[in-house]
Amino acid sequence: MRRSFFLLFLILMGNASVLVGQFNEKPILNLENEDKALLNWGYFLGFNQYDFKFEYKNDLQDILVNKSVGFNVGLIGEVRLHEHFDLRFEPGLYYGSRTLGFPGFSEESDAIREVKSTYINFPLLLKASTKRIGNWKPFIVGGVSASMNLGSNEDSLDDNSSGTFRMKKQVFNYELGFGIDFYTEYFKFSPSIRGVFAITDELIPDNDPSSPWTGNIEALRTRGVFVNFTFE
């Protein structure tokens, strides 16, 4: 999480000369009619960091998760509901990787499992914005999403005894976040940060109920942080 905020800060500082002008007391208003259209379109680019939340059957040593930074890309469709409310559909591709460290093994080949995930995400979000202040406007966003994990290994007959960590392909989540709309001369630029939290259990247990990898896991759910930069 701290790394995501730091990267967002660096990118915003890199665009400081553009953004500082948006906070002038009496700026020249850009794209005055941008938010009046019923439908708006755009795209987003960004990065993510996925994690896991484990629920255990017994109070034993925790499974460790080493997180890495992935990337996001997708499209935006927005319907204006009210001056301060918009309904957004943001289908996108999210790639991330997590490395799991299981306790109780002496061999690294048994203790380590790399989980690479490619999610096709379909979020339906409600965006609530404040009144526009010059050329910027803060907002919060939240909603639900359905994701398809193309790297789930759900259909694999192999399990962790053969080195394959399996997860369910279909995941349902809720998402919450915030950001700022900046109105430049030619487009609306919106950096945002959003948390995603899986509602459904994603684990497919090993074939052996007493598996040293999944035997003590009651449930496993994805959680993560998205930092997106949208252009509309």
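The numbers attached to residues start from 1 for each chain and follow its sequence in the written order. Side-chain atom pairs in this predicted model are given and counted only at pLDDT of 80 or more, local residue features only at pLDDT of at least 70, and totals for whole chains, interfaces and linings cover all residues. With hydrogens and water set aside, each side-chain value is computed from the structure's full complement of heavy atoms.

Draft legend 1. Geometry of the nonpolar core. With 21 residues, the main nonpolar core has Phe 52, Phe 54, Leu 100, Phe 165, Met 167 and Leu 220 as its most contacted residues. Think of it this way: any DSSP run of H or I at least four residues long counts as a helix, any run of E at least two long counts as a strand, and we number them from the N terminus. Taken together, the elements giving at least two residues each to this core come down to β1 (39-56), β5 (92-101), β6 (112-129), β9 (188-198) and β10 (217-231). Counting residues per element, this core draws most heavily on β1, which supplies four residues. Residue contacts are defined here by distance: any two heavy atoms, one from each residue, within 4.5 Å place the two residues in contact. In this view, Phe 165 contacts Leu 100, Phe 102, Arg 113, Val 115, Ser 152, Asn 153, Asn 160, Leu 203 and Leu 220; residues no more than four positions away in its chain are not counted. The set of buried Ala, Val, Leu, Ile, Met, Phe, Trp, Tyr and Cys residues whose side-chain atoms join them within 4.5 Å is what this entry labels a nonpolar core. Whether a residue is buried, partly exposed or exposed follows from its accessible area with a 1.4 Å probe, protein chains only, as a fraction of its type maximum: under 20%, in between, or over 50%, in that order.

Draft legend 2. Representation of the packing of aromatic side chains within the structure. In this scheme Phe, Tyr and Trp rings, the latter by its six-membered ring, pair at centre separations within 6.5 Å, and the angle between planes marks the pair as stacked below 30 degrees, edge-to-face above 60, and tilted otherwise. Under the definition given, this model contains 15 aromatic pairs. Summarising the aromatic geometry, the rings of Tyr 50 and Phe 226 are spaced 5.8 Å apart at their centres and angled 75 degrees between planes, so their arrangement reads as edge-to-face. Pair noted here: Tyr 50 is in strand β1 and Phe 226 is in strand β10, with a separation of 176 residues, a long-range link. This pair shows no difference in class: Tyr 50 is buried, exactly as Phe 226 is. For the ring pair Phe 102 and Phe 165, a centre distance of 6.3 Å and an interplane angle of 45 degrees mean the geometry is tilted.

Draft legend 3. Highlighting the environment of Gly 96. Structurally, Gly 96 is set in strand β5. Overall, the relative accessible area of 1% leaves Gly 96 in the buried class. A C-alpha to C-alpha distance of 9.0 Å links Gly 96 and Phe 47, two positions 49 residues apart in sequence. Residues contacting Gly 96, with those up to four places away along its chain left out, are Asn 48, Tyr 50, Gly 70, Val 115, Lys 116 and Ser 117.

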